[in-house]
Amino acid sequence: MRSDPVDIETLRRAAASKGGLLTDELRRKVWPKLLNINVYELPHKPGRDVRKNHKDYNQVVLDVRRSMKRFPKGMPATERGVLQEQLIDIILEVLKRNPQLHYYQGYHDVAVSMLLVVGERMTIGMLDKLSNFHLRDFMDPTMDSTKHILNYLMPILEQVDAELHDFMIRAEVGTIFALSWLITWFGHVLSEFKHTLRLYDFFLASHPLMPIYLAATIVLHREKEVKQTECDMAMVHHLLSRIPQDLPYELLIGRAQDLFDQYPPSLLAKRAALQSRKSLSISTFKAFQLSTLHQRPDSVLQRLTKAHGSNSSGHGLEAALPRARGQLWGRGNKMVKMAVWGLSATLGAAVFAVAQTAMDWGPEVLLQLF
């Protein structure tokens, strides 16, 4: 976007609208803006000492080593090995920068989803920001704050389908089936990476509680299956903990947004069960949103970086791009047209006209609009 400040609300609508951001190239441009990250002041790559005497080193290594299924099928073992080493360093670097944060199993699922799209340095910046805002409640010394967020699930179900809610209460199934969905932003449970990316587009543009609204939407979508199951904790938990891989994600995203608008966290929080604990992710979200509203365009940031005497060849978005994924723009104008069609639904006629003209200029020029 060339507007100064950046029109962040337009980018949020584009990320949440049908189809999301469509390509990794667009994600590399838009994701940092959604988190208020200056791509010309990215963190440096972690040094060799990041692994020394780190209390979480052994657990991080174990989790990353077990994350093979999170990498694209067919990726050479040597390339995957390099990315896994980067992933270990990224996680330890963010934790080192934020000693108040505590590692949790599943954190690496969020990190690898970003690493495969935006590269090592950008992932450090994004993960650092998310860890202090959207993921903050999961990074306490205990799981009390995480349980607090999970406690929003049942009140949402009660508002929409009291019969389903009562069935689950009788089954005493609780909400632990949705734990991995919540703390990994569904990255751990989805087999298709494209679906994970689509949800990340949505979550990055939304309130920190949006994953729990999507979880409620999935349960509601499976209402008939649940009610036909024996009203037994083990049976219902077994059903719900195995998320179907053919879910209609665009439909569910739209319904989750509708639920959020109709039953916002402030309304649900009036329930006694949700008043006992304060969520850092929720309480800091308004300040986080305000901080994203005054960003400068990348072209301005680049000029400012150069004016301060920095060597731009080692900074900025291009220096941070991963080599492993998504040279999607090289496939020609078809992808550009897809991006325009997807964005036109929310960006309005004026932006659509500009983007339509950009198809004649080529993908490189279209990218410069950001």
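Residues numbered from 1 in each chain as written. Predicted model: local features only at pLDDT ≥ 70, side-chain atom pairs only at ≥ 80, totals over all residues. Heavy atoms only, no water.

### As for the UniProt feature "transmembrane region" (unreviewed entry) in the chain
When the UniProt feature table is mapped onto this chain, "transmembrane region" (unreviewed entry) is found at residues 173-190, 202-220 and 338-359. Secondary structure over residues 173-190 splits into 28% helix and 0% strand, and the C-alpha atoms at its two ends are 22 Å apart. (UniProt positions renumbered as here; feature names shortened; annotations may be inferred. Helix = DSSP H or I, 4+ residues; strand = E, 2+ residues; numbered from the N terminus.)

### Let's talk about the side chain of aspartate 201
Note that aspartate 201 resides in helix H11 (residues 193-204). Among the polar contacts made by the side chain of aspartate 201, one reaches the side chain of tryptophan 31 at a distance of 2.9 Å. Beyond its immediate sequence surroundings of up to four residues, aspartate 201 is in contact with Ala15, Gly20, Leu21, Leu22, Arg27 and Trp31. (Polar contact = N/O pair within 3.5 Å; in protein donor to acceptor, adjacent residues only side chain to side chain. Contact = heavy atoms within 4.5 Å.)

### Some points on the nonpolar core
Side chains of nonpolar character tend, in soluble globular proteins, to be buried together. With 105 residues, the main nonpolar core has Trp31, Met168, Phe186 and Tyr213 as its most contacted residues. Mapped onto the domain boundaries, this core takes at least three residues apiece from domain 1 (36-132) and domain 2 (143-288). When residues no more than four places from it in sequence are discounted, the contact partners of methionine 168 are Met154, Leu157, Val173, Gly174, Phe177, Val219, Val226 and Leu240. (Core = buried A, V, L, I, M, F, W, Y, C linked by side-chain atoms within 4.5 Å. Buried < 20%, exposed > 50% of the residue type's maximum accessible area, 1.4 Å probe, protein only. Domains from an automatic or database assignment.)

### A look at the packing of aromatic side chains
Under the defined criterion, the tally for this structure stands at 10 aromatic pairs. The interplanar angle of 70° and the centroid separation of 5.5 Å between the aromatic rings of tyrosine 104 and tyrosine 107 together place this pair among those described as edge-to-face. Summarising the burial analysis for this pair, tyrosine 104 and tyrosine 107 share the class buried. Ring plane angle 85° and centroid distance 6.0 Å describe the contact between tyrosine 104 and phenylalanine 138, whose orientation is recorded as edge-to-face. Of this pair, tyrosine 104 sits in the loop between helix H4 (77-97) and helix H5 (107-118) while phenylalanine 138 sits in the loop between helix H6 (120-132) and helix H7 (144-150), and the two are 34 residues apart along the sequence. Of the two residues, tyrosine 104 and phenylalanine 138, neither departs from the other in class, the shared state being buried. Through a chain of ring-to-ring contacts, three or more aromatic side chains come together here, namely Phe177, Trp181, Trp185, Phe186, Tyr200, Phe202 and Phe203. (Phe/Tyr/Trp six-rings, centres within 6.5 Å; stacked < 30°, edge-to-face > 60°.)

### Comments concerning unusual backbone geometry
Positive phi values are uncommon outside glycine, yet asparagine 53 reaches one of about 55°. Among the structural elements, asparagine 53 can be located in the loop between helix H2 (24-34) and helix H3 (57-65). Exposure remark for asparagine 53: the relative accessible area of 84% places this residue in the exposed category. With phi around 55°, tryptophan 185 is a residue other than glycine that occupies positive phi space. You can see tryptophan 185 is positioned in the loop between helix H10 (179-183) and H11.

### Concerning the pattern of salt bridges
Throughout the structure, instances matching the rule amount to 18 salt bridges. The partner of arginine 28 in a salt bridge is glutamate 25, and the shortest N-O contact between them spans 2.8 Å. Of this pair, arginine 28 and glutamate 25 are both found in helix H2, three residues apart, which corresponds to roughly one turn of the helix. You'll find arginine 28 and glutamate 25 in the same group, each marked buried. (Salt bridge = Lys/Arg side-chain N within 4 Å of Asp/Glu carboxyl O.)

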